[in-house]
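# Working through the structure, step by step
One-letter residues, chain by chain:
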Amino acid sequence: MGNEVNPSAPEFNTYIEKAARLAQSGNLGEAEAILKETVNRFPKSADAWSHLGYFYYKTGRYSRAFEAFSHRLQFKEPDYGLCRLLAEMSAARGEHTAQRKWLQKARKLGDLDRRLLRHIIVIRNKEIVSNFLKPLWFLSHPFHSLILLLKRIAAWKTWILIRALERAAPGWIAPEKGSSRFRLSEFLRFTMRFDPSYPRILFTYHKNREAMIASRALPTDRSGVKLLDIGTGKNPLPLYWSTRGPSITALDGSLYGFADLNEALVKIGQRGIKSDVTFAAGDGLKLPFKSNQFDGVSALCALEHIPGNGDIECMREIYRVTKPGGRAVVTVESGPCLSESWMETPYEIGYQTGADSKSAQPKPAIQWHEVFCRNYSPQDMIQRLGESAPWRIVEYGFYDDGFLPCRRWLDPLKHPIGCHLPQMIQPLLALLFFRPAANSKRLTPSSVGYLVLERPLDDEDSDIAI
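Along each chain, residue indices are assigned from 1 in the same order as the chain's sequence is written. Where totals are concerned, whole chains, interfaces and linings use all residues; where local detail is concerned, this predicted model gives features only for residues with pLDDT of at least 70, and gives and counts side-chain atom pairs only at 80 or more. With hydrogens and water excluded, all non-hydrogen atoms of the structure serve as input to the side-chain values.

### Focus: the overall build of the protein
In terms of helices and strands, the protein carries 18 helices and 10 strands. Relative accessibility under 20% of the residue-type maximum defines a buried residue, over 50% an exposed one, and the middle range a partly exposed one, all with a 1.4 Å probe and only protein chains included. When burial is assessed residue by residue, the protein has 48% of its 466 residues classed as buried. Two residues form a contact once any of their heavy atoms are found within 4.5 Å. A separation of at least 24 residues holds for 76% of the contacts in the protein among residues at least 6 apart in sequence. Every accessible area reported is derived by Shrake-Rupley at a probe size of 1.4 Å, with residue values counting cover from the shown protein chains alone. Only carbon and sulfur atoms are counted for the fraction: they give 55% of the accessible area of the protein, which is about 23,400 Å². Counting from the N terminus, the helices are DSSP H or I runs at least four residues long and the strands are E runs at least two residues long.

### A closer look at the nonpolar core
The nonpolar side chains of a soluble globular protein tend to be buried with one another. Residues belong to one nonpolar core when they are buried, are Ala, Val, Leu, Ile, Met, Phe, Trp, Tyr or Cys, and are joined through side-chain atoms within 4.5 Å. The biggest cluster of nonpolar side chains holds 37 residues, and the ones touching the most others in it are Phe 182, Phe 187, Leu 239, Trp 241 and Phe 279. The set of elements that each furnish at least two residues to this core consists of helix H8 (140-168), helix H10 (184-194), helix H11 (205-217), helix H12 (237-242), strand S2 (247-252), helix H13 (259-270), strand S3 (276-281) and strand S10 (447-454). Top contributing element to this core by residue count: H10, with six residues.

### What about a nonpolar patch on the surface?
What makes a patch is a set of residues exposed beyond 30% relative accessible area and free of salt bridges, joined within 9 Å when like-charged and within 5 Å when nonpolar (Val, Leu, Ile, Met, Phe, Trp, Tyr). Should a side-chain nitrogen of Lys or Arg be within 4 Å of a carboxyl oxygen of Asp or Glu, the pair is scored as a salt bridge. A surface patch of nonpolar side chains, about 330 Å² in accessible area, is lined by Leu 146, Leu 149, Leu 150 and Ile 153. With respect to the helices and strands, the residue Ile 153 is situated in helix H8.

### Points about the pattern of salt bridges
Within the structure shown, the criterion is met by 15 salt bridges. For Arg 61, the salt bridge identified is with Glu 32, shortest N-O distance 3.1 Å. Highlighted residues: Arg 61 in the loop between helix H3 (46-58) and helix H4 (62-72) and Glu 32 in helix H2 (residues 28-41), separated in sequence by 29 residues. You can call Glu 32 buried: its relative accessible area is 10%. The shortest N-O distance in the salt bridge between Asp 221 and Arg 244 comes to 3.9 Å. Highlighted residues: Asp 221 in the loop between H11 and strand S1 (226-230) and Arg 244 in the loop between H12 and S2, separated in sequence by 23 residues. Here Asp 221 matches Arg 244 in class, with each residue buried. Beyond isolated ion pairs, a larger network of salt bridges with shared partners links Glu 32, Lys 36, Arg 61 and Arg 64.

### A look at helix H6 (residues 96-108)
Taking 1.5 Å per residue, 13 residues should reach 18 Å; H6 reaches 18 Å between its end C-alpha atoms and fits that length. The complete set of buried residues in H6 reads Gln 99, Arg 100, Trp 102, Leu 103 and Ala 106. What a helix is expected to span follows from its residue count: subtract one and scale by 1.5 Å.

### So, a positive patch on the surface
Just so you know, the count uses Lys and Arg for positive and Asp and Glu for negative, and it drops His and the chain ends. Think of each charge as sitting on NZ of Lys, CZ of Arg, CG of Asp or CD of Glu. A contiguous patch of positive charge, built from Arg 163, Arg 167, Arg 189, Arg 193 and Arg 271, is present on the exposed surface. Tracing the backbone through its elements, the reader meets Arg 193 in helix H10.

### Here's the deal with unusual backbone geometry
Positive phi, normally seen in glycine, also occurs at Asn 292, with a value near 55 degrees. In this structure, Asn 292 sits in the loop between S3 and strand S4 (294-300). Its identity as a non-glycine residue notwithstanding, Cys 301 has a phi of 50 degrees, on the positive side. By secondary structure assignment, the location of Cys 301 is in the loop between S4 and helix H14 (310-321). Taking relative accessible area as the criterion, Cys 301 reaches 10% and is therefore assigned buried.

### Considering the layout of surface pockets
Residues are called lining when one of their atoms sits within 4 Å of a cavity or pocket point, these points coming from a 1 Å grid over the protein atoms alone, where a cavity is a set in which a 1.4 Å probe fits but cannot get out and a pocket is an open set with protein on both sides within 12 Å along at least five of seven lines. Grid points are joined across faces, edges and corners, and a volume is the space filled by probe spheres set on the points. The volume enclosed by the second largest pocket comes to roughly 390 Å³. The leading source of residues in the lining of the second largest pocket is H2, at four residues. Residue type decides the class: Asp, Glu, Lys and Arg count as charged, Ala, Val, Leu, Ile, Met, Phe, Trp, Tyr, Cys and Pro as nonpolar, and the leftover types, Gly among them, as polar. Among the residues forming the lining of the second largest pocket, the class breakdown is seven nonpolar, seven polar and five charged.

### Structural notes on the environment of Gly 245
Summarising the element assignment, Gly 245 is placed in the loop between H12 and S2. Once the C-alpha coordinates of Gly 245 and Ser 223 are considered, the two residues, 22 residues apart in sequence, prove to be 4.1 Å apart. When sequence neighbours within four positions are dropped, the list of residues in contact with Gly 245 reads Arg 222, Ser 223 and Gly 224.

### Re the packing of H2 against H3
Relative to each other, H2 and H3 sit at 155 degrees, their axes nearing to 9 Å. The angle between H2 and H3 places the two elements in the roughly antiparallel class. For H2 against H3, the interelement crossing comes out left-handed. On H3, the residues that touch Leu 28, Ala 31, Glu 32, Leu 35, Lys 36, Thr 38 and Val 39 of H2 are Ala 48, Trp 49, His 51, Leu 52, Phe 55 and Tyr 56. Per-class residue counts for the contact of H2 with H3 are nine nonpolar, two polar and two charged. Angles here are taken between N-to-C directions and fall from 0 to 180 degrees, while the axes themselves are lines fitted to C-alpha atoms, restricted in helices to the stretch in contact. What sets the label is the angle itself: under 35 degrees gives roughly parallel, over 145 gives roughly antiparallel, 65 to 115 gives roughly perpendicular, and the rest give oblique. By definition, turning the near helix anticlockwise from the far helix through less than a right angle yields a left-handed crossing, and turning it clockwise yields a right-handed one.

### Observations concerning the side chain of Asn 375
Along the polypeptide, Asn 375 turns up in strand S7 (residues 366-375). In protein, a polar contact requires one atom able to donate a hydrogen and another able to accept it; more generally it is a pair of N or O atoms within 3.5 Å, and residues adjacent in sequence count only if both atoms are side-chain atoms. Within the structure, Asn 375 has its side chain in polar contact with the backbone oxygen of Ser 334 (distance 3.4 Å).

### Quick look at the packing of aromatic side chains
In this analysis, rings of Phe, Tyr and Trp, with Trp reduced to its six-membered ring, are considered paired at centre separations within 6.5 Å, and the interplanar angle assigns stacked below 30 degrees, edge-to-face beyond 60, and tilted for intermediate values. The tally for this structure, following the rule as stated, stands at 14 aromatic pairs. Between Phe 182 and Phe 187, the ring centres sit 6.2 Å apart and the planes meet at 45 degrees, which makes this aromatic pair tilted. Among the residues examined, Phe 182 registers a relative accessible area of 1% and is labelled buried. Of the residues examined, Phe 187 reaches a relative accessible area of 0% and is grouped as buried. Cluster of aromatic residues (ring-pair linked, three or more members): Phe 182, Phe 187, Phe 190, Phe 194 and Tyr 240.

### Describing the confidence of the model for the protein
Known as pLDDT, the predictor's per-residue confidence is scaled from 0 to 100. Of the residues in the protein, 74% reach a pLDDT of 70 or more, and the chain-wide mean stands at 79. Confidence drops under a pLDDT of 50 for residues 349-364, and excluding neighbours within four residues, the segment shows 23 contacts in the predicted structure. Within the model, the stretch residues 462-466 combines pLDDT values under 50 with nine contacts to residues more than four positions away or in other chains.

Encoded structure:
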C-alpha cells in the first residue's frame, strides 16, 4: 500500500473546499459531482477517496460510502476514525460480523477503552445467539399466526371505534374541506376485505390522514371522471376510488409494486364490484400522458423522493396533464426547515428499481437501495410546489402528532414483536392526535404538509410554457 499519490495541494484543496461549500448550501448533487471529478483526476489519492466516502456517509448513502472507502484502503491503511465509521455503517445495516471486525481493528489501533471491548463482546454474543436460533425458525410460525390473528382482531375493533366516532362527530373527526362523502372507516373495511397485505406496517398515521385529505379534495365519488395517482406503490387507495365511480390510472416507476393491487382487483371482481384501474410504469418527470387529460391528480408522499429540482419538474408535468378546473393534491414530509438527505432501505429486487416481475419467478432477494428524502419547510412547500406553475392554491396545511408523538415512539420498534399490535390502532391515533398545525413553530420532524391546487379554468393552452 505504498503507492499512494499525493495530489498538488492548491488544486486538490480547491476542489475539496468548493465541494464543502456546495454541500453546506444544500447543493448535494453539485458537491457530489465535484468530488467525483476529484477522484477521477487523482484516482490513486487516498485523501480524494476519503472525502468522497465521507460525503456519502454523511448523506446516508452507505453502499457508495463502502465502495469509496474500499478504494481508499487500496492506497492507505485504515486509521482509528475510519474503522469506527465503517463499524457504525455496518451496524446500521445489521452486518454485525463486519461491525465486530472493524471495532477490533479500532481497538488494535490504540483505543483500549473497556467500553469498546464490552461492545465487541456483546456483538459476538449476538452473533452466537443468532446462529443458534436460525435452525429453529420453524418454531416461530405458530406464534406468527397468533400475532396475525390478534392484529386482525385489533383492526376490526379499531374499525368499529372509528365508525362510531365518524357518525357521532363527523366535523371534528374530518376537518378537511371538500364535498366527497369519503369515510375512513369504509376505506379501512375495504382494505381488510381485499388488500392481501393487510394488516400492513406502512399504513401509519400520515397514510390515513393522506387518504382523507386526497379523497375529500378530489372528485373520488363521481362517475365519468379520470384520476391519476403518482407513486402508487402498494397503496390500495386508488383501488378504493375506482369502486366509487372514477376511472383510475396508477403510475409508479415499476410495475413490480402492483402485484398486491392486481391480486386485490381479482378479489374485487369476484365480488361483482365494478372498478376501472389502469397500471402504468413511468417517470414523474415526463408523464406518459397527453395534456389536459385528468380531472384530478394525487401525489402522496412521492415528490420528496425526487432529488434536485425534480419535484418542481414533476409539479409542472402534473399541471400539464390536469384539465382546466381540475385539482391536484400533494402531500410531503415537512419540518421547521428545508432539509435533504439520503437513506438506504432493503427493498426486494425490482421494487422501485424499474425491473418488472410479472413472470412466475422465485421471490426476489433483498438488496439495499438508496432513497432520497426532502423535508419541506412551510415556505419551501409553497414556493417549490405551489408556485411551480400557475396553480391556484385552494388549501394547504400540516398534520403532526406533537400532542402525543406515538409515531416517534413506535418507529424504533419496527421489528420487535411488541410493535405489531399497536400498529393496528394507528388509524384511530391518526384521527385523535393529528391536528392541523397553525404555524411553522408547531411542526415536528414527523409532520406532513399538504397542498390542494387547482388549474384555472381560463387556462386552456395545452402546450403552455411554464
